[in-house]
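Examining the three-dimensional arrangement
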Amino acid sequence: MTISRRRLLSGLAVTTGGLLLSACDKINALPSVRSALKSAEGLTMRSQRVIAGRDALAPEFTAADLSPVFRSNGTYQPAGSAYEAHRQAGFADWKLSIAGLVQRPLSLSMAQIRSMPARTQITRHDCVEGWSAIGQWTGVPLKLLLDMAGLRSSARYLIFRCADRYGAMPYYESIDLIDAFHPQTIMAWGLNGALLPVGNGAPIRLRVERQLGYKHAKYVEHIQAVDSLNEYGLGKGGYWEDHHDYAWYAGI
Amino acid sequence: MTTAEDPMSATPPPMERTADGGRCWVKRHRWPTRLWHWVNAVAMLVMLMSGLMIFNAHPRLYWGDYGANSDKAWLQIGSRGDKGLLVLGKERFETTGVLGLWTDAKGIERRRAFPGWATIPSSYSLADARLWHFFFAWILVGSAMFFFVASLLNGHFRTDLLPIRHELALRHIWADIVAHVRLRFPTGAAAKRYGILQKVAYLSVIALLLPLIILTGLTMSPAMNAAWPWLLDLFGGRQSARSVHFLCAAGLVLFFLVHIAMVVLAGPINEVRSMITGWYRLPEDKA
C-alpha cells in the first residue's frame, strides 16, 4: 500500500469539497431557487420606499469632500463613427429626445438643455462593485423635461436609451416615476465644474442619486415614457438586468 | 426547566433530572434559542460566502466617504506576477494559492481575492452573490429580531447571558481563562450555566457584531443613506461602513472557529444534541 493516510485524507477533503461546491453551484443555477432569491428584491424596494418616502434626499457633500479622481467605469469610450463625429463636433448636433407616452414629444439640442434651469449637487456615486466617488454634477432636473413633454397618465416608467453598446448589446436603463420626479434626479451635462467628460457619459447622463451606479445611464439619446418594461430589450428594464440578473431596483 | 410549553422539545430521555452519580439530564436551550441558532447558522454561512464574492468585485477597503482605485486603500487583496498578495497598510503578505492568485476546481489559475471554495457561487458572479446576500439578509434580520424579542421575554438575556457582578471580577475571569487553557470544563451543577468567557463571547456576537454588521450593511445602501443619513455620521462614511462590515465578518469567522473548537473539545454529541433537542447531559463530577 502506497497511499499514505495524509494523502487519503486530503484526497477525501478535496473530493468532498468539490462535491459540495458543485452541489452549491447546481442549486445556484436552479430557476426555482433563482426566482425565490429574486423575490427579496421586491421586499427590499417596498421597504426602502416606505422608510425613505418619495422625496428623502441623498446626502450632499461640500467641495472639500470631492474625490481627487472620479473613476470612470463600464463604457469609457463609446465605439462607432457616429459617436466619434459627435465628440469631434463638441456634441453640437447631439439631440436628446423625449417620446413615447407624452403629449408633446421633444428633441432638444445640448445648447437648449444647457440653457435651461440647472441644479448643481455634490453627491456620492456608489458602484455595485463596492467603490464610491464623490463628484459635483450639474444638469437639468428631469422633472422640468417631463413637464415640458407632458407625461400621459398611462406612463409608469422611463427608459433611457444610450449611444454605447456593452458587449454586443445597446446599453439602456429604466426608472419609475417616483425616482423620475425626485428633486435630485437630473440629466447631468457637467462634472466638477467642467462639461461632462467622455468617460463619464458625455454629453449627457442620468443621475438617480438613491440608486447604484449602473442605473445612471450615460450617453443618453432617447428617453421613452412607457407603461411597461416588457417591450424593450429582454424586458427586465436594463442591460445588466437583462443579461446578468442584476436587480432592477438598485437601492442597496 | 419546564417543558410543557415547549413545542420543539423531543421526548426527554429516561434519566430526566434524576441524579445518577452526579450525572443528569437538564433542559439547556429553550426552543427560540435553538430555532434561531440553526436558522442563523445557515444565514450567516450564506451571508459570509456570498459576501466574500461581493468583496471580490472590488477587493480594496477604504476609510471615509469615498474610495476607488486611485484612492488609498488600507487593505487590498490582489496579485502581482506569479504571487497572490494581501496588502495591509504598508505590509505585504504573500498569499499565493489562497488569496489573490489560486487555482479553481478545474485547475484553472484565477486572479480573484477569495478562492472559489469560499464563495457563493464558486465562480465569479457579483450578480448571483448579491441575490443570495440580499435574500438571506432578510432571514438573518428577521430571525435575529425574533430571537431578541423572545430572549427579552423568556429571560434568556437576563438569566443566562448577562454577567453577574462577581463574574466580572478579574480573578474570576482569569480563573476561567486558566481553566479553558487547561481544557478543564465545568462538571455537574456548574455545567448548567454559561461561564464568563462564554457569556462574553455570545454577547459580543449577539449584542455587538450582529447589530454592527446589519447597520453597516444598511449604511452601504444609497437609498438608506437618503432615509437615515445619521447612519453615515455613525460610521464615518460609506467606505468606513464597508470596512467595518468586513471586519465584523472577520470577527464572526473568528467566533465561529473558536465556537466549533470548544464544541468539539467539550463533547460534540452532547453539545450538538442539546442545541437540537434542548436536552443536555451534565458531565460527571470528577470528585
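For the structure itself, look to the data block above.
Read on for an overview of the structure.

Parameters at a glance
- For every chain, the first residue of the written sequence is number 1, and numbering continues from 1 along that sequence.
- All chains are assigned letters beginning with A, and all ligands numbers beginning with 1, in the order in which they are written.
- With pLDDT at 70 or above as the cut-off, local features in this predicted model cover only qualifying residues; side-chain atom pairs require 80 or more to be listed or tallied, and sums for whole chains, interfaces and linings still use all residues.
- Only heavy atoms go into the side-chain values, all of them from the structure, while hydrogens and water stay out.
- The way it works is that DSSP assigns letters per residue, a run of H or I at least four long becomes a helix, a run of E at least two long becomes a strand, and they are numbered from the N terminus.
- Each residue is assigned to one of three classes by its accessible area relative to the maximum for its type, calculated with a 1.4 Å probe on protein chains only: buried under 20%, partly exposed between the two thresholds, exposed over 50%.
- Here, two residues are considered to be in contact whenever any of their heavy atoms come within 4.5 Å of each other.
- Here the accessible surface of atoms and residues is derived via Shrake-Rupley with a 1.4 Å probe, and residues count as covered only by protein chains that are part of the display.
- When charges are counted, neither His nor the chain ends are considered; positive counts come from Lys and Arg and negative counts from Asp and Glu.
- The atom standing in for a charge is NZ when the residue is Lys, CZ when it is Arg, CG when it is Asp and CD when it is Glu.
- DSSP bridges decide pairing: two strands pair if at least two such bridges lie between them.
- Once two parts are put together, the accessible area they lose, assessed with a 1.4 Å probe and summed over both, is termed the buried area.
- Note on definitions: salt bridges are taken to be side-chain nitrogens of Lys or Arg within 4 Å of carboxyl oxygens of Asp or Glu.
- Polar contacts here mean pairs of N or O atoms no more than 3.5 Å apart (in protein, one a potential hydrogen donor and the other a potential acceptor; neighbouring residues in sequence count only if both atoms are side-chain atoms).
- When the centres of two rings from Phe, Tyr and Trp lie within 6.5 Å, Trp using its six-membered ring, the rings pair. Their planes under 30 degrees apart give stacked, over 60 give edge-to-face, and anything left gives tilted.
- Charges are assigned to positions over rings by a cutoff of 6 Å between ring centre and Lys NZ or Arg CZ, combined with an angular limit of 35 degrees from the ring normal.
- Detection works on a 1 Å grid of protein atoms alone, calling trapped sets that fit a 1.4 Å probe cavities and calling open sets with protein on both sides within 12 Å along at least five of seven lines pockets, with lining residues defined by an atom within 4 Å of a point.
- Grid points are joined across faces, edges and corners, and a volume is the space filled by probe spheres set on the points.
- Buried Ala, Val, Leu, Ile, Met, Phe, Trp, Tyr and Cys residues form a nonpolar core when they are joined through side-chain atoms within 4.5 Å.
- To get an axis, fit a line to the C-alpha atoms, keeping to the stretch in contact for a helix; angles then go from 0 to 180 degrees between the N-to-C directions.

Okay, the overall build of chain A next. Looking only at helices and strands, one finds 7 helices and 10 strands in chain A. For chain A, the spread of C-alpha atoms along the three principal axes comes to 85 × 40 × 40 Å. Taking all 252 residues of chain A together, the buried fraction comes to 51%. Look at the contacts in chain A between residues 6 or more apart in sequence, and 69% of them connect residues 24 or more apart. Carbon and sulfur atoms make up 59% of the accessible area of chain A, which totals about 11600 Å². With 27 positive and 21 negative side-chain charges, chain A shows a separation of 5 Å between the mean positions of the two kinds.

Residue and element names in this part refer to chain A. Judged by how many residues are buried, strand β3 (residues 119-126) sits mostly within the fold: 6 of 8 residues are covered. Note: β3 against strand β4 (residues 132-141), 8 bridges, orientation antiparallel. Residue Ile 122 lies in a different strand from β4, and its bridge partner there is Gln 136. The hairpin formed by β3 and β4 contains 5 residues between the paired strands, and Gly 130 there has a positive phi angle of roughly 130°.

Okay, the interface of chain B and chain A next. With 37 residues of chain B at the contact, the number on the chain A side is 50 residues. For the pair chain B and chain A, the two sides together bury roughly 3500 Å², of which 64% comes from carbon and sulfur. Put simply, chain B and chain A have 2 salt bridges between them. Across the salt bridge formed by Arg238(B) and Asp126(A), the nearest N and O atoms sit 3.4 Å from each other. On the surface where chain B and chain A come into contact, there are 17 residue pairs in polar contact (both at pLDDT 80 or more). The set of elements that each furnish at least two residues to the side of chain B that touches chain A consists of α1 (31-57), α2 (126-153), α6 (222-227) and α8 (238-266) of chain B. Here the side of chain B that touches chain A gets 10 residues from one element, more than from any other, and that element is α2(B).

Our focus in this paragraph is the packing of aromatic side chains. Overall, the coordinates contain 26 aromatic pairs over all chains when judged by the stated rule. Seen from their ring centres, Trp31(B) and Phe146(B) are 6.1 Å apart, and the 40° between their planes marks the pair as tilted. Of this pair, Trp31(B) sits in helix α1 while Phe146(B) sits in helix α2; the two residues are 115 residues apart in sequence, bridging distant segments of the chain. Judged by relative accessible area, Trp31(B) falls into the partly exposed class, the value being 28%. Assessed through its relative accessible area of 32%, Phe146(B) is described here as partly exposed. Put simply, the rings of Tyr166(A), Tyr171(A), Tyr214(A), Tyr239(A), Trp240(A) and Tyr246(A) touch in pairs and so form one group of aromatic residues. Note that Arg28(B) overlies the ring of Tyr280(B), its terminal NZ or CZ placed 4.1 Å from the centroid. Taking NZ or CZ as reference, Arg112(B) lies 3.5 Å from the ring centre of Tyr124(B), over its face.

Let us look at the pattern of salt bridges. A side chain with one charge may pair with a side chain of the opposite charge, provided their charged atoms come close. Counting across every chain of the model gives 21 salt bridges over all chains. In this structure, Glu109(B) engages Arg111(B) in a salt bridge whose closest nitrogen and oxygen atoms are separated by 3.6 Å. Put simply, Arg34(A), Lys38(A), Lys236(A), Asp245(A) and Asp128(B) are held in one network by salt bridges that share partners.

All right, on to the pairing of strand β2 (residues 106-109) of chain A then. All names here are of chain A. Where strand β1 (residues 95-100) meets β2, 4 bridges bridge the pair, whose relative direction is antiparallel. Within the sheet, the bridge partner assigned to Ser 97 lies in β2 and is Ser 107. The hairpin formed by β1 and β2 contains 5 residues between the paired strands.

Next up on the list: empty space enclosed by the protein. Here the structure, examined in full by the defined rule, presents 3 cavities of 30 Å³ or more. Considering only enclosed or pocket space, the largest cavity measures out at about 190 Å³ in volume. Taken together, 14 residues form the lining of the largest cavity, with Glu41(A), Ala247(A), Arg130(B), Leu131(B) and Phe134(B) sitting closest to its centre. Looking at the lining of the largest cavity, the elements with two or more residues in it are α2 (31-52) of chain A together with α2 of chain B. If one sorts the elements of the lining of the largest cavity by residue count, α2(A) sits on top with 5 residues.

Judged by nonpolar contacts, the single largest core of 60 residues is most densely connected at Leu142(A), Leu145(A), Leu158(A), Phe160(A), Met187(A), Tyr214(A) and Ile223(A). Broken down by element, the residue count for this core peaks at 5 residues, all from strand β7 (residues 186-191) of chain A. Each residue touching Leu158(A), except ones within four places of it in the same chain, is listed here: Leu142(A), Leu146(A), Leu151(A), Glu173(A), Ser174(A), Ile175(A), Leu177(A), Ala180(A), Ile223(A), Gln224(A) and Ala225(A). Residues Leu37(A), Phe157(B), Leu210(B) and Cys248(B) belong to the second largest nonpolar core, which totals 26 residues.

So, on to the sheet that holds strand β5 (residues 157-166) of chain A. All names here are of chain A. With respect to topology, 5 strands assemble into an open sheet ordered β2-β1-β10-β5-β6, the strand pairing being mixed. Pairing within the sheet leaves two strands with one partner each, and these edge strands are β2 and β6 (169-176). Each adjacent strand pair in this sheet contributes to an overall mean axis angle of 20°, direction not counted. In this structure, β5 lies alongside strand β10 (residues 220-226), joined through 6 bridges in antiparallel fashion. Bridge pairing in β10 links Phe 160 to Ile 223.

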